[in-house]
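These are the residues of each chain, in order.
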Amino acid sequence: MKQAVAGSCHCRAVQFRCQVDLSAPTTRCNCSICTKGRYWFAAVLPADFELLAGGDALADYRFGSHGVAHRFCRTCGVKVFGEASHPALGGRFFAVSVVCLDLEPERLASLPVQYHDGRDGSRVAPQVTSYL
Ligand SMILES: [Zn+2]
C-alpha cells in the first residue's frame, strides 16, 4: 500500500514528497552508474511525486542514450532521483533514492530489495550482488 513519505538531499536544498509502496521491492542495479553511486531506488509514478523545493539546486547528468536524467544536488552532490521511461513500468517514472527518504535506519533495513542486471539489460538478478 502506498504511503506518503518525505525526502531530501543531504543539505536539504532539494526536498520532495512521494507516494510509495514500501512493501514492493526496491531496486539495486549493477549498471555502470548505479554501481559507481551504489544507487538504491524505489520506482514512483509521476503523479505520486512532488518536488517541494530545490528545483534550481538540481543538476542533470545524462550519458549514453541520454534517456535517463540523473538528478543530484549541486551543493551536497547527493543524487536524489532519476527520471526515466520504461515500458515494463508503464512509461515515465521517478527512480527515487531510498536513502533520501525520511525513514529510520531500521525501516530502511527492512525494505525488500530486488537486484537488476543493468549491465546486460536482462533485469534479472546478477550472480554477485554483495557490492551493490
Ligand atoms: Zn543538497
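Preceding this paragraph is the structure being described.
Predicted, not measured: the structure shown is a model, and the values here were computed from it.

### Describing the layout of surface pockets
One number sums up the size of the largest pocket: a volume of about 880 Å³. Phe41, Ala84, Phe93, Ala95 and Arg123 are, among the 40 residues lining the largest pocket, the residues nearest its centre. For the lining of the largest pocket, the secondary structure elements donating two or more residues are strand E2 (15-21), strand E3 (26-29), helix H1 (32-37), strand E4 (40-44), strand E8 (79-86), strand E9 (91-97) and strand E10 (113-116). Classifying every residue of the lining of the largest pocket by side-chain character gives 19 nonpolar, 15 polar and six charged.

### Structural notes on the coordination of the zinc ion
With distances of 2.2 to 2.4 Å, the protein atoms coordinating the zinc ion are Cys9 (SG), Cys11 (SG), Cys73 (SG) and Cys76 (SG). Metal-centred angles of 106 to 118 degrees between the four donor atoms at the zinc ion mark the site as tetrahedral. Written as a sequence motif, the donor arrangement for the zinc ion is C-x1-C-x61-C-x2-C. Residue class for cysteine 9 comes out buried when judged on its relative accessible area of 3%.

What counts and what doesn't
- Residues numbered from 1 in each chain as written.
- Predicted model: local features only at pLDDT ≥ 70, side-chain atom pairs only at ≥ 80, totals over all residues.
- Heavy atoms only, no water.
- 1 Å grid on protein atoms, 1.4 Å probe; cavity = no way out; pocket = protein on both sides within 12 Å on 5 of 7 lines; lining within 4 Å.
- Points joined across faces, edges and corners; volume = space filled by probe spheres on them.
- Helix = DSSP H or I, 4+ residues; strand = E, 2+ residues; numbered from the N terminus.
- Nonpolar A, V, L, I, M, F, W, Y, C, P; charged D, E, K, R; others polar.
- Donors = N, O, S within 2.8 Å, 3.2 Å for Na, K, Ca; no water.
- Tetrahedral: all angles 85-135°; square planar, octahedral: opposite > 155°, others 65-115°.
- Buried < 20%, exposed > 50% of the residue type's maximum accessible area, 1.4 Å probe, protein only.

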